[in-house]
Amino acid sequence: MANVRTGAGDSDVTTYRDAVAEGIAREMRRDERVVCLGEDIGAAGGVFKTTVGLFDEFGPERVWDTPISEQAIVGAAMGAAMTGMRPVAEIMFSDFLACCWDYLANEIPKARYMTGGQVTVPLVVRTANGGGLGFGAQHSQSVENWALAVPGLKIVAPSTPADVVGLMASAIRSDDPVVFFEHKGLFASKGAAAPPEHAIPLGKANIARTGTDVTVVALAATVPMALEAAERLHGDGISVEVVDLRCLIPLDVSTVLASLERTSRLLVVEENPYQGGWGATVASVVADEGFELLDAPVRRVAGDNVPLPFADALEQQVIPTVDKVVAAVRRLVSY
Amino acid sequence: MSTEAAAPVDAATLLGWYEQMAVIRGTEKAAHDLFLRGLVKGTTHLAAGHEAVAVGASAALRPDDYVFATYRGHHHAIARGATPEGCLAELMQRHTGVCRAKGGSMHLTQADHGMMGSYAIVGAHLPMAAGAAWSAKLRGSGQVAVAFFGDGATNIGAFHEALNLAAVWKLPVLFVCENNRYMEYTAIHTVTAVPNPAADRAAANGMPGVVVDGNDVVAVHDAVARAVERARSGAGPTVVEALTYRHFGHSRTDPATYRPVEEVEEWMARDPLLVARSRLLGEGATEAQLDAAAERAAAEVTAAVRAAQAAPPADPADAYTDVWADGGAAWRT
Ligand SMILES: Cc1ncc(C[n+]2csc(CCOP(=O)(O)OP(=O)(O)O)c2C)c(N)n1
């Protein structure tokens, strides 16, 4: 067995990348119905090295290399899920979800509903999401808002290695289909390893930092961004609470509203484009149900409405950054 | 057409198939009538004319094998054990419909009989059938999966992806094309570079492609039975292309005027019910036996229509059930 980390202690530090393989391996050990499929995920360990060790430990009967056939990958995962397996399918870059969008938009999320509950589709589609690495417009998108537009999918996007493991456990055990976004910009990031048996229920946000002046709601890569901004603002005497949503569906509205009771100001930081971004849903729910909690308008920092450009200077211009978050919080507190 | 001679099937079995085809035909006619009377909304894609494919193929399957069909799937649902009443109730938006009126004509499903659904996106279910076969292989269950699809589906990407995956993974799956010569309103040969759109592409994906008379229930049964045997033995997938014809237009609103009259007449003369009838007569069955079977079928359909019509309407509360595995639809806390 190669690099899958086993039984790491509490104090251990690991990377987000290794946590992906660790999270999958833990579930494969406890449930033989869990099988993986995707391009280059076997002996090669995945293009992002997020499946390293799985092939060595579980073999070709549980870890299947596929042709470049995104429709077949997700469609076959669906058929297997409907008939007793718990497949974990990898779509290499989240941009490529567009190649199998029929399955995400029309097939997987609707099968249970339109059969009147006859069919259950317990699968996970894992995919590397997001920008910041200069991969250009077709390998850098944050597309969690695509999935958000479809009732019937659960959506997970962890920000720390321990959360990757804990949320992977719940995603794979879920009887509902889950789209699991791993952020490319976080793969090398480090954090505490997950304790044994770690499982985080889907739909339970994390207060990543407590504060009293502004609530910043973030997801995946925008969580460390918000935390860094909070640290900077702390120096200026501004106290920022950071809510890591962890999941978009189920959406933890209660934690957001409870945080607003303490802070009365809301900033949402999302990497997907402002047009149709998930922050708009959060803002709309808060406007509906928490208007009286607010002392200022809800603000959003989001990706700009352009395809992601290649050059660092251009890419940073259009995706959320620490500076943009800091500026937005400052505007909010002075409202 | 299949080159090998059809193996003999005993007359009693064939009579059973004939009766089942008559039930399906009767149900399709009933659906059509109910539509004209405003009792079925939306649309229907009738499979009258295709019965031999559904019945012949189903007869070659085990009860626990998986079937995936298209929006033109009434015949597969019934051949797999959905009742005419459950199907008609679904079309008539009744609470007792097979999908509790949340599926409709295009999505008939009877999962407890291995009828894993009807899918309205052309070609989408071919990879799913490959996946169900993959699951059967992983579990060592000996089950096979069948995807039924139209000639038009052979030009969509998912068809090619599914065939290659099934072949390279040696999956126990059958791809059964119902080649009725038309997509919606366009003749398949005008948009396809090979004469047999499914079978001709089998070799390119490393599997046998068989062309069979899709209006002869015995020929379909035999071709499918051979492919099933191959699949169960671990030798991998097969494409079966059944040549058939739809009696109605593509969907409810289509009078099918684009089809040459002689072509329609030629195929109507080869109606799968007539083909089965003459086969049975040739094997010693009497007209009286055949009429009795047809009458039983008609009575079953009449009772089904009555029961479906008398069933309670769909419950609006059901709009909020079955999104998630917990039964509900809550997307937030
Ligand atoms: C992806 C997709 N494209 C187009 C359609 C619209 N459409 C529905 S049926 C059909 C024709 C399909 O013909 P064929 O596969 O031969 O099946 P048949 O209707 O003859 O059974 C088309 C184009 C669709 N449902 N899905």
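Starting afresh in each chain, residues are numbered from 1 along the sequence in its written order. Each chain takes a letter, starting from A, and each ligand takes a number, starting from 1, following the order in which they are written. The predicted origin of the model limits local features to residues at a pLDDT of at least 70 and limits the giving and counting of side-chain atom pairs to 80 or more, whereas totals for whole chains, interfaces and linings rest on all residues. Hydrogens and water are ignored here; the side-chain numbers use all heavy atoms of the structure.

**A look at the overall build of chain A**
Helix and strand assignments come from DSSP, with helices taken as H or I runs of at least 4 residues and strands as E runs of at least 2, each series counted from the N terminus. Each helix and strand in chain A was counted, giving 12 helices and 14 strands. For chain A, the C-alpha radius of gyration of 19 Å lies close to 20 Å, the compact-globule estimate for 335 residues. C-alpha atoms of chain A, sized along the principal axes, occupy 60 × 45 × 40 Å. In this scheme, a residue with accessible area under 20% of its type's maximum is buried, one over 50% is exposed, and one in between is partly exposed, where area comes from a 1.4 Å probe on protein chains only. Out of the 335 residues in chain A, the part that is buried amounts to 64%. Within chain A, contacts between residues at least 6 apart in sequence are counted, and of these 81% link residues at least 24 apart. A 1.4 Å probe and the Shrake-Rupley method give the accessible areas. Residues count as covered only by the protein chains that appear here. With the model as given, the accessible surface of chain A reaches about 11,700 Å², and the carbon-plus-sulfur share is 52%. Two things to know: the radius of gyration comes from C-alpha atoms, and the globule rule equals 2.2 Å times the number of residues to the power 0.38. The criterion used for residue contact is that any of the two residues' heavy atoms lie within 4.5 Å.

**Considering helix H3 (residues 70-82) of chain A**
All names here are of chain A. Each helix should span, by expectation, one fewer than its residue count multiplied by 1.5 Å. With 13 residues, H3 extends 18 Å from end C-alpha to end C-alpha; this agrees with the ideal 18 Å at 1.5 Å per step. By the criterion of burial, H3 is predominantly enclosed, with 13 of the 13 residues buried. Trailing H3 by a residue or two, Gly84 shows a phi angle of about 110°, which is positive.

**Considerations on the interface of chain A and chain B**
Listed by partner, the interface residues are 48 residues for chain A and 43 residues for chain B. Buried area is understood as the total, over both parts, of accessible area removed when two parts are fitted together, assessed with a 1.4 Å probe. Between chain A and chain B the total buried area reaches about 3,800 Å² when both faces are included, carbon and sulfur atoms providing 66% of it. When residues of chain A are sorted by the area they lose upon contact with chain B, Trp64, Tyr113 and Met114 of chain A head the list and together hold 18% of the total. By convention in these notes, a salt bridge is any Lys or Arg side-chain nitrogen within 4 Å of a carboxyl oxygen on Asp or Glu. At the surface where chain A touches chain B, the tally comes to one salt bridge. Between Glu289 of chain A and Arg332 of chain B there is a salt bridge, with its nearest N and O atoms 2.5 Å apart. Pairs of N or O atoms within 3.5 Å make up the polar contacts considered here, provided that, within protein, one atom can donate a hydrogen while the other can accept it, and that residues adjacent in sequence are counted only when both atoms are side-chain atoms. Remark: the boundary between chain A and chain B carries 20 residue pairs in polar contact (both at pLDDT 80 or more). Element by element, the count of residues in the side of chain A that touches chain B is highest for H3 of chain A, at nine residues. Asp, Glu, Lys and Arg are counted as charged, while Ala, Val, Leu, Ile, Met, Phe, Trp, Tyr, Cys and Pro are counted as nonpolar; the rest, among them Gly, fall into the polar class. Among the residues making up the side of chain A that touches chain B, the classes are represented as 21 nonpolar, 16 polar and 11 charged.

**Re the state of the cysteines**
Here, disulfide denotes a covalent bond that connects the sulfur atoms of two cysteines. Residue and element names in this part refer to chain A. Disulfide assignment relies on a single distance test, namely cysteine sulfur atoms paired within 2.5 Å. Applying the stated criterion across every chain, the model contains zero disulfides over all chains. Sulfur of Cys99: no disulfide; nearest cysteine sulfur belongs to Cys100 and is 6.8 Å away. Note on Cys247: no disulfide assigned, nearest cysteine sulfur contributed by Cys36 at a separation of 20 Å. Judged by relative accessible area, which is 0%, Cys247 ranks as buried.

**Brief notes about the confidence of the model for chain B**
pLDDT gives the predictor's per-residue confidence on a scale running from 0 to 100. For chain B, per-residue confidence averages 96 on the pLDDT scale, and residues scoring 70 or more make up 98% of the total. Predicted as a complex, the structure gets a pTM of 0.95 and an ipTM equal to 0.94.

**Focus on the sheet that holds strand S6 (residues 238-243) of chain B**
Residue and element names in this part refer to chain B. Note on pairing: two strands pair once DSSP finds at least 2 bridges between them. The strand order across the open sheet formed by six strands is S2-S1-S3-S4-S6-S5, and the pairing between neighbours is parallel. Across the chains shown, the open sheet's two edge strands, defined by having one partner strand only, are strand S2 (115-119) and strand S5 (209-213). For this sheet the average axis-to-axis angle between neighbouring strands, irrespective of direction, equals 20°. Pairing geometry for strand S3 (residues 145-150) and strand S4 (residues 173-179), over six bridges, is parallel. What sits directly across from Ala147, in S4, is Phe175. What counts as an axis is a line fitted to C-alpha atoms, over the stretch in contact for a helix, and the angles between N-to-C directions run from 0 to 180 degrees.

**A word on the packing of helix H1 (residues 11-36) of chain B against helix H2 (residues 51-59) of chain B**
Residue and element names in this part refer to chain B. The contact between H1 and H2 brings their axes to 10 Å, and the two run at 135°. Between H1 and H2, the interaxial angle falls into the category oblique. Seen along the crossing, H1 lies across H2 with a hand that is right-handed. Touching Trp17, Gln20, Met21, Ile24 and Arg25 of H1 are Glu51, Ala52, Val55 and Ala59, all from H2. Residues of the contact of H1 with H2, tallied by class, amount to six nonpolar, one polar and two charged. In these notes the angle categories are as follows: under 35 degrees is roughly parallel, over 145 is roughly antiparallel, 65 to 115 is roughly perpendicular, and the rest is oblique. Two helices crossing with the near one rotated counterclockwise from the far one by less than a right angle form a left-handed crossing, whereas a clockwise rotation gives a right-handed crossing.

**Notes on the side chain of Thr238 of chain B**
Residue and element names in this part refer to chain B. Along the chain, Thr238 falls in strand S6. Given the relative accessible area of 3%, Thr238 is considered buried. The residues contacting Thr238, other than those within four sequence positions of it, are Val173, Leu174, Phe175, Met207, Pro208, Val210, Ala227 and Arg230.

**Observations concerning the site of the ligand**
Residue and element names in this part refer to chain B. The cutoff for a nearby residue is simple: one of its non-hydrogen atoms must lie within 4 Å of the molecule or strand. Around the ligand, the surrounding shell holds 15 residues, and the nearest of these are Tyr71, Arg72, Ala120, Gly152 and Asn180. Interatomic distance of 3.1 Å between a backbone N/O atom of Val122 and a nitrogen atom of the ligand. Here the ligand loses 75% of its free accessible area of 580 Å² to cover by the protein chains.

**What about the sheet that holds strand S13 (residues 266-273) of chain A?**
Within a sheet, each strand pairs with its neighbour through backbone hydrogen bonds, oriented either parallel or antiparallel. Residue and element names in this part refer to chain A. With mixed pairing, the five strands of this open sheet are ordered in space as S9-S11-S10-S13-S14. Lying at the two open borders of the sheet, with one neighbouring strand each, are strand S9 (206-209) and strand S14 (299-303). Averaged over all pairs of adjacent strands, the angle between their axes in this sheet comes to 25°, without regard to strand direction. In this sheet, strand S11 (residues 240-244) lies alongside S9 in antiparallel orientation, the contact comprising three bridges. Note on S11: the bridge partner recorded for Ile207 is Val243. Along the sheet, helix H10 (residues 278-289) makes contact with strand S10 (214-218), S13 and S14, crossing S13 at roughly 150°.

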